[in-house]
Amino acid sequence: MNHALVTRSAFVNLKYLSFSGRWDEKLAQLLFAGSTNLSNVFLKIHFFPTNLSEIASFPSLNYLTIDHSLVNWTQSSSSIQNLEVNFLSAIIASTISLKRLSLKRMPSNEKDLLLRSLTKIIPNVEIV
């Protein structure tokens, strides 16, 4: 069987995902590729995948929580914010049912900037 096909079908019936720790593009691809039934996602990660829109579609996603406690904010916070906006934009573009986005353990300055960017993209979603 084709490796790409196996990867795409590995988590096709996954509805709830909670992931904490270090990950890379390959792990993000494994967890998200073909996971079209995801409805609730909790991520505690140290970086945001850059090619998410190429590997994932989240039409059933209702709740997304991102815990920022592993993110290194001493690095350039604007580049981290840009990566996160791109990451969230890709998720938002692929879902029709997102009700709530929760941002945890994020410095208040960075959170304010991110909220301003996100409210332009997703005006009807509760962001906490």
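By convention here, each chain's residues receive numbers from 1 onward along its written sequence. Two thresholds apply to this predicted model, a pLDDT of at least 70 for residue-level local features and 80 or more for giving and counting side-chain atom pairs, whereas whole-chain, interface and lining totals are computed over all residues. Just so you know, side-chain values use all the structure's heavy atoms and leave hydrogens and water out.

**Points about the overall build of the protein chain**
To keep things clear, this is the line we draw: Strands are runs of DSSP state E lasting at least 2 residues, helices are runs of H or I lasting at least 4, and numbering of each runs from the N terminus. Burial classification: accessible surface area is computed with a 1.4 Å probe over protein chains only, and a residue below 20% of its type maximum counts as buried, one above 50% as exposed, and the rest as partly exposed. Throughout, a residue-residue contact means that at least one pair of heavy atoms, one from each residue, lies within 4.5 Å. Each accessible area is a Shrake-Rupley estimate made with a 1.4 Å probe; only the visible protein chains count as cover when residues are assessed.
Secondary structure assignment for the protein chain yields five helices and five strands. When the helices and strands of the protein chain are read in sequence order from the N terminus, they spell out α-β-α-β-α-β-α-β-α-β. Looking at the 128 residues of the protein chain, the share that counts as buried comes to 41%. Relative to all contacts within the protein chain whose residues are 6 or more apart in sequence, the contacts with residues 24 or more apart total 60%. Summed over its atoms, the accessible surface of the protein chain is roughly 7000 Å², and 52% of this surface lies on carbon and sulfur atoms.

**Describing helix H2 (residues 25–32)**
Applied cut-off: Read the arc as the range of directions from the helix axis to the C-beta atoms.
Among all positions of H2, only Ala-28, Leu-31 and Phe-32 are buried. Along the axis of H2, the buried residues cluster in a sector spanning 85°; they form a single face. In the stretch just after H2, Gly-34 is the one whose phi turns positive, near 80°.

**Observations concerning the pattern of salt bridges**
Threshold: When a carboxyl oxygen of Asp or Glu lies within 4 Å of a side-chain nitrogen of Lys or Arg, that pair is called a salt bridge.
In this structure the tally under the stated criterion is two salt bridges. Ionic pairing is found between Arg-105 and Asp-67, a salt bridge with its closest N-O pair at 2.3 Å. Taken together, the residues span a long stretch of sequence, with Arg-105 in the loop between strand S4 (100–104) and helix H5 (108–121) and Asp-67 in strand S3 (residues 63–67) at a distance of 38 residues. Looking at Arg-105, the relative accessible area reads 56%, which means it is exposed.

**Here's the deal with the packing of aromatic side chains**
We apply this condition: Only the six-membered ring of Trp is used, alongside the rings of Phe and Tyr, when aromatic pairs are assigned; centres must lie within 6.5 Å, and planes under 30 degrees apart are stacked while those over 60 apart are edge-to-face, with the rest tilted.
Summed over all chains, the structure comprises one aromatic pair. Judged by centre distance (5.4 Å) and plane angle (50°), the rings of Phe-48 and Phe-87 are tilted. A residue pair is termed long-range when its members are at least 10 positions apart, and Phe-48 in the loop between strand S2 (40–45) and helix H3 (52–55) and Phe-87 in helix H4 (residues 77–93) qualify at 39 residues. The buried category is assigned to Phe-48, whose relative accessible area is 2%. On the basis of relative accessible area, Phe-87 is assigned to the buried category, the value being 0%.

**Considering the confidence of the model for the protein chain**
Where we set the bar: Scored between 0 and 100, pLDDT is the confidence that the predictor attaches to each residue.
On average, residues of the protein chain carry a pLDDT of 79, and 84% of them reach 70 or more. Between the elements of the protein chain, mean pLDDT differs from a low of 57, seen in helix H1 (residues 3–9), to a high of 92, seen in S3.

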